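Coordinate analysis (summary)
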Amino acid sequence: MNQRITPMWKGVIVVLTVLGVLLAMSQAFFWSPFGLTFLTNSYLYYTLAFFLPIVFLIFPIAKSQKDRAMPFYDVVLAALTFVVAFYFGLNGENIVNFGWDKSLTYPTITIVFSFIFWLLVLEALRRAAGLVVTLIALVFSIYPMFALAVPVPFLQGIPYQLDDAARIHVMGVDSILGLPLQTAASILIGFLLFGVALQHTGGATFFYDLAQSVFGRYRGGSAKVSSISSAFMGMMSGSAVSNVLTTGPMTIPAMKKSGFPGRYAAGVEATASTGGTITPPIMGTAAFLMVSFVGVPYGEIALAAAIPAVLYYFGIYIQVDAYSAKTGLKGVPKHLLPRAGRTALLGWPYIVALIGLILLLTVQKNESQAPYWVVGFLLVVAIFMKDHRLTPKSFVDFLFAGGKTIAEIIGIIAGVGLIVGGLSMTGVSLSLARELITLVGDNLFLILIAGAVTSFVLGMGMTVSAVYVFLAIVMAPALTGMGINPIAAHLFVIYWATVSYITPPVALASFAAANIAGTPPMSTSLTAMRLGSVKYIIPFAFVLNPALVAQDSTVFQIIYTFVFALIGVFFLGCAFEGWMIGVARRLTVVMRVVLFAAGLATLAPELTSSLIGLAVGVVAMVVTRFWNDGGPEESAAIEREKARRLEAKDAAASKEYAAAHTGGEATEGVMGPTATRGLATDLDSGGATVLADDDRADIHAGASDRQGHVHGGDAPDAPGRRPGAAGAEARRDPEDPAGPGSTAR
């Protein structure tokens with residue numbers, strides 16, 4: 001606990017969290033305590049009253065104030081937020097009945113409070129998500145006052161006076177209280193609490209051990225464990241940087257010990273962790289916002305995202321396997337690994353929790369109630385756990401972490417609502433999609449490229465949820481207007497908004513992993529880009545072929561499309577790594593190009609092109625068996641020399657940085673503080689905490705998370721694993737028979 005969050009303020013945050021969660025549960029389960037029922041707007045105001053003040057209590061006005069005592073002005077801002085939001089909540093019925101948001105008669109206090117709340121929401125957004133997205137929200141929120149003066153015709157809209165804009169932003173149903181906040185308050189709170197519950201009951205350690213027990217013995221096992229454990233973590237947090245900070249201190253040192261170059265190890269971790277934002281059942285915040293924008297149950301969205309997520313991780317797995325084969329890396333001896341059966345048995349609560357959540361979403365189809373049942377189950381079971389027993393102190397820590405997580409997301413989404421409000425009240429949101437279609441001349445390829453570039457560029461400076469909300473209004477309607485399936489169109493936006501996590505110049509997940517590995521951030525990002533190449537390709541594939549998102553297709557079409565997609569990703573992975581799995585030969589440059597083209601053709605929507613791609617890929621495999629750039633021995637020698645040069649280069653870069661910034665010798669993992677975002681792990685409060693969508697946490701060597709994993713150091717042996725297992729991989733396995741495309745041992 002730092003000086004800012006004293007026990008008293010921690011208690012205040014916990015009380016606000018309990019009240020906010022009970023309010024959300026009351027709304028989800030229709031409790032109506034004391035006979036009270038709330039209108040939607042009153043419920044949203046009360047939600048803001050309980051969670052928005054936490055933003056001002058936890059996140060300081062500037063980073064330099066992070067470890068100082070709570071200043072009086074933050075207390076004033078928190079109290080003012082509570083009072084203003086509570087006032088609007090009490091008057092929710094009057095706002096609806098008397099139309100205070102648009103009528104000519106309204107109490108004077110409402111206009112004063114509207115301006116105050118407008119500014120408070122913007123400041124909460126700045127503290128939670130940063131200055132860039134706040135400036136964008138500010139511009140769009142004042143845009144109605146200048147809508148008629150904009151020189152671009154299709155951006156001209158209905159103008160408003162300042163006081164009218166303030167009332168509509170705060171009391172209307174399309175701005176702060178719009179669809180994003182409605183979704184967050186009704187659905188997202190429970191799922192965020194579920195992610196925190198899994199983390200605080202030991203879920204991260206269990207999933208890492210489970211991945212070790214299943215995949216650790218195969219060649220490149222440590223990297224495969226990183227991919228799979230990050231996929232499991234993605235199911236909990238739905239975040240990129242959170243996954244890096246939680247699993248990276250275990251997986252990156254283990255990969256480096258087993259023979260992977262530091263930048264490759266960091267690239268694997270960053271790429272695998274980025275998949276958390278697109279991995280069901282939790283995914284990221286933007287996926288929950290899709291519920292309101294698309295108008296389908298969350299279970300259907302999670303189901304649609306399943307095949308692309310599998311393809312993404314399969315692509316990483318294939319590249320890791322190919323790299324391990326051409327480098328001659330073996331897996332961990334089986335006797336050093338935790339036993340799969342015992343690990344699964346000890347971790348039965350987490351397995352039951354995930355399966356239960358999936359069943360509740362698909363069978364009961366009530367996403368508002370489902371996460372609370374699972375959270376209750378985990379907390380009850382945790383009372384009887386040996387290693388992660390729920391005590392009064394740990395329960396308070398859980399509530400504090402939950403409040404921090406929910407508050408930051410609520411702060412971001414309330415602020416992003418101003419963007420929606422500015423476009424909605426002027427009527428411009430209705431014309432943008434139509435004008436965009438006219439601009440590209442009904443050319444689907446051009447609008448997809450425009451959508452991808454726009455999503456990526458905005459993703460560099462805005463949160464994924466903010467990018468999604470903006471493009472769900474502007475870009476997604478244009479895609480659906482050209483005949484694209486709505487779910488595919490919205491997932492396309494989310495995928496391309498998240499690639500900025502591994503793509504320079506921002507690449508926050510890559511930078512976080514590079515910091516742990518002690519490697520240059522930019523080169524690590526380039527490695528992560530190659531490993532995550534499927535993420536750049538798959539969105540185009542499922543937009544053109546909705547069977548990949550289980551839409552507009554029969555079960556048979558979905559199955560054979562999925563099979564062809566797996567084959568296509570297999571070809572692409574081999575092409576990117578330059579190694580042909582199955583024939584154990586190094587690909588020539590020509591064959592890599594041919595195999596890449598075969599992979600794209602196999603992924604194409606038409607059955608004919610898929611069959612042609614399959615045939616070309618098989619021919620390329622046969623040709624490579626006899627015409628290649630070397631077998632296992634030659635390849636391993638080449639890769640060892642490459643790895644040696646890379647390690648020397650990275651060590652020199654680390655020393656140079658240390659000399660310039662610390663005045664001392666470099667230590668492993670020291671690449672300087674890296675600003676990160678995502679559901680990040682709070683390394684400064686002494687415990688791993690799932691933070692909300694865009695926390696900027698400083699990653700530094702020697703910091704440790706809640707499970708005791710030291711950043712920038714060697715990975716400790718997890719419970720149930722024999723000492724030394726993490727780094728026990730050996731070299732020289734030319735073509736592991738347990739790898740893809742061959743027979744298991």
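Reading the values: rules and limits
Residue positions within a chain follow its written sequence, with the count starting from 1. Only residues with pLDDT of at least 70 get local features here, since the model is predicted, and only at 80 or more are side-chain atom pairs given and counted; chain-wide, interface and lining totals rely on the full set of residues. Only hydrogens and water are set aside; all other atoms, that is, all heavy atoms of the structure, feed into the side-chain values. Each helix is a run of DSSP H or I of at least 4 residues and each strand a run of E of at least 2, with the numbering of both proceeding from the N terminus. For the exposure calls, accessible area comes from a 1.4 Å probe over protein chains only, and a residue counts as buried if that area is under 20% of its type's maximum, exposed if over 50%, partly exposed in between. Throughout, a contact is declared for two residues whenever any of their heavy atoms are within 4.5 Å. Salt bridges are identified by distance alone: a Lys or Arg side-chain nitrogen within 4 Å of an Asp or Glu carboxyl oxygen. Centres within 6.5 Å make a pair out of two Phe, Tyr or Trp rings, where for Trp the six-membered ring is used; the pair is then stacked when the planes are under 30 degrees apart, edge-to-face when over 60, and tilted otherwise. The rule is short: NZ of Lys or CZ of Arg within 6 Å of the ring centre and within 35 degrees of the ring normal puts a charge over the ring. Any pair of N or O atoms that falls within 3.5 Å is considered a polar contact. Within protein, one atom must be able to donate a hydrogen and the other to accept it, and sequence-neighbouring residues count only if both atoms are side-chain atoms. For every element, the axis is a line fit to its C-alpha atoms; helices are fit only across the contacting stretch, and the angle between N-to-C directions ranges from 0 to 180 degrees. When describing relative orientation, an angle under 35 degrees is termed roughly parallel and one over 145 degrees roughly antiparallel, while 65 to 115 degrees is termed roughly perpendicular and anything else oblique. Handedness of each helix crossing follows the sense of rotation of the near helix against the far helix: counterclockwise by less than a right angle gives left-handed, clockwise gives right-handed. The span you would expect from a helix comes to 1.5 Å times its residue count less one. At any given residue, the bend is defined as the angle formed between two axes, one fitted to the seven residues that end at that position and one fitted to the seven that begin there. Remark: nonpolar core denotes a set of buried residues (Ala, Val, Leu, Ile, Met, Phe, Trp, Tyr, Cys) joined through side-chain atoms within 4.5 Å. pLDDT is defined as a per-residue confidence score from the predictor, taking values between 0 and 100. In this scheme, patches are assembled from residues that exceed 30% relative accessible area and form no salt bridge. Like charges are connected within 9 Å, while nonpolar side chains (Val, Leu, Ile, Met, Phe, Trp, Tyr) are connected within 5 Å. Accessible surface area values rest on a Shrake-Rupley calculation with a 1.4 Å probe, where residue burial reflects the displayed protein chains alone.

The subject of this paragraph is the overall build of the protein chain. Secondary structure assignment for the protein chain yields 30 helices and four strands. Relative to its full complement of 745 residues, the protein chain shows a buried share of 62%. By sequence separation, contacts in the protein chain at least 24 residues apart represent 76% of the contacts at least 6 residues apart.

The next thing to look at is the pattern of salt bridges. By the definition in use, this model includes 16 salt bridges. Residue Lys393 pairs with Asp397 through a salt bridge whose shortest N-O separation is 3.3 Å. You can see Lys393 and its partner Asp397 sitting in helix α18 (residues 392-426), four residues apart, about one turn around the helix. Looking at Lys393, the relative accessible area reads 61%, which means it is exposed. On the basis of relative accessible area, Asp397 is assigned to the partly exposed category, the value being 22%. One salt-bridge network, held together by shared partners, links Lys326, Arg530, Glu577, Arg586, Glu639 and Lys642.

Attention shifts here to the environment of Gly427. Looking at the secondary structure, you find Gly427 in the loop between α18 and α19 (428-440). The class of Gly427 is partly exposed, set by a relative accessible area of 26%. Remark: the alpha-carbon pair of Gly427 and Pro144, spanning 283 residues in sequence, is separated by 9.6 Å.

To continue, consider the packing of aromatic side chains. Tallied over the entire structure, the rule returns 36 aromatic pairs. Relative to Tyr298, the ring of Phe191 lies with its centre 5.5 Å away and its plane at 55°, an arrangement referred to as tilted. Linking Phe191 in helix α8 (residues 179-200) with Tyr298 in helix α14 (residues 298-327), this pair joins segments that are 107 residues apart in sequence. Looking at Phe191, the relative accessible area reads 1%, which means it is buried. Put simply, the rings of Phe38, Tyr46, Phe50, Phe82 and Phe86 touch in pairs and so form one group of aromatic residues. The ring of Phe400 is capped by Lys10, whose NZ or CZ atom sits 5.6 Å from the centre of that ring.

Further remarks concern the side chain of Glu123. For Glu123, the position within the fold is in helix α5 (residues 108-129). Among the polar contacts listed, one links the side chain of Glu123 to the side chain of Arg127, at a separation of 2.7 Å. Other than its neighbours up to four places away in sequence, Glu123 contacts Phe56 and Ile61.

Looking at the secondary structure, you find Ser523 in helix α25 (residues 521-531). For the pair Ser523 and Gly267, spaced 256 residues apart in the sequence, the C-alpha separation amounts to 9.1 Å.

The interhelical angle for the contact between helix α6 (residues 131-142) and α18, taken along N-to-C directions, is 30°, at an axis separation of 7 Å. Looking at the two axes, α6 sits roughly parallel to α18. Pair α6 / α18 crosses with left-handed handedness. Contact with α6, carried on its side by Ile136, Ala137, Phe140 and Ser141, involves Gly415, Leu418, Ile419, Gly422 and Leu423 of α18 and no other residues of that element.

The buried fraction of helix α7 (residues 162-171) is high, at seven of ten residues. Within α7, the full set of buried residues consists of Ala165, Ala166, Arg167, Ile168, His169, Val170 and Met171. Summarising the contacts, the buried residues of α7 are in contact with α2 (40-58), α3 (72-90), α4 (92-98), α5, α6 and α18.

Looking now at the packing of helix α28 (residues 589-603) against helix α29 (residues 607-626). Close contact between α28 and α29 brings their axes to 7 Å; oriented N to C, the two are set at 155°. Here α29 runs roughly antiparallel to α28, going by the angle between their axes. Our pair here, α28 against α29, has a crossing hand that is left-handed. Residues Met591, Val594, Leu595, Ala598, Ala601 and Thr602 of α28 form the contact with α29, whose participating residues are Ser609, Ser610, Gly613, Leu614, Val616, Gly617, Ala620, Val623 and Thr624.

The next point concerns α14. A rise of 1.5 Å per residue sets the reference length of α14, with its 30 residues, at 44 Å; its end C-alpha atoms lie 43 Å apart and thus fit the reference within 8%. Taken as a whole, α14 carries its principal kink of about 35° at Ala306; the proline Pro308 stands between one and four residues after it. Judged by how many residues are buried, α14 sits mostly within the fold: 25 of 30 residues are covered. Downstream of α14 by a residue or two, Gly328 has a phi angle that is positive, lying close to 80°.

Within soluble globular proteins, side chains that are nonpolar tend to cluster in buried spots. Core analysis: the largest hydrophobic core is formed by 214 residues, its most contacted members being Leu48, Phe88, Phe117, Phe194 and Phe542. No other element matches α18, which puts 16 residues into this core. For Phe194, the residues in contact, after removing those within four places along its chain, are Ile282, Ala353, Leu354, Leu357, Pro371, Val374, Val375 and Leu378. Listed in part, the 18 residues of the second largest apolar core include Cys574, Met580, Ile581 and Leu595.

The topology assignment puts Ser635 in helix α30 (residues 632-661). A relative accessible area of 0% places Ser635 in the buried class. Polar contacts involving the side chain of Ser635 include one to the main-chain carbonyl oxygen of Lys326, which spans 2.8 Å. In contact with Ser635, not counting residues within four places along its chain, are Lys326, Trp579 and Arg586.

So, on to the confidence of the model for the protein chain. On average, residues of the protein chain score 84 in pLDDT, and 87% of them reach the 70 mark or higher. In the predicted structure, residues 663-745 sits below a pLDDT of 50 and forms 293 contacts with residues beyond four places in sequence or in another chain.

So, on to unusual backbone geometry. Following Pro280, the chain continues to Pro281 via a peptide bond in cis, the omega torsion being 10°. Relative to the assigned elements, Pro281 resides in the loop between α12 (262-274) and α13 (285-294). Notably, Phe30 is not glycine yet its phi reads approximately 55°, a positive angle. Here Phe30 lies in the loop between α1 (7-29) and α2. The residue Ser32 is not glycine, and still its phi comes out positive at about 50°. Looking at where Ser32 falls in the secondary structure, it is placed in the loop between α1 and α2. Looking at Ser32, the relative accessible area reads 30%, which means it is partly exposed.

So, on to a nonpolar patch on the surface. A cluster of nonpolar side chains, contributed by Phe445, Leu446, Ile449, Val453 and Val457, occupies part of the molecular surface with about 440 Å² of accessible area. On the secondary structure map, Leu446 appears in helix α20 (residues 444-461).

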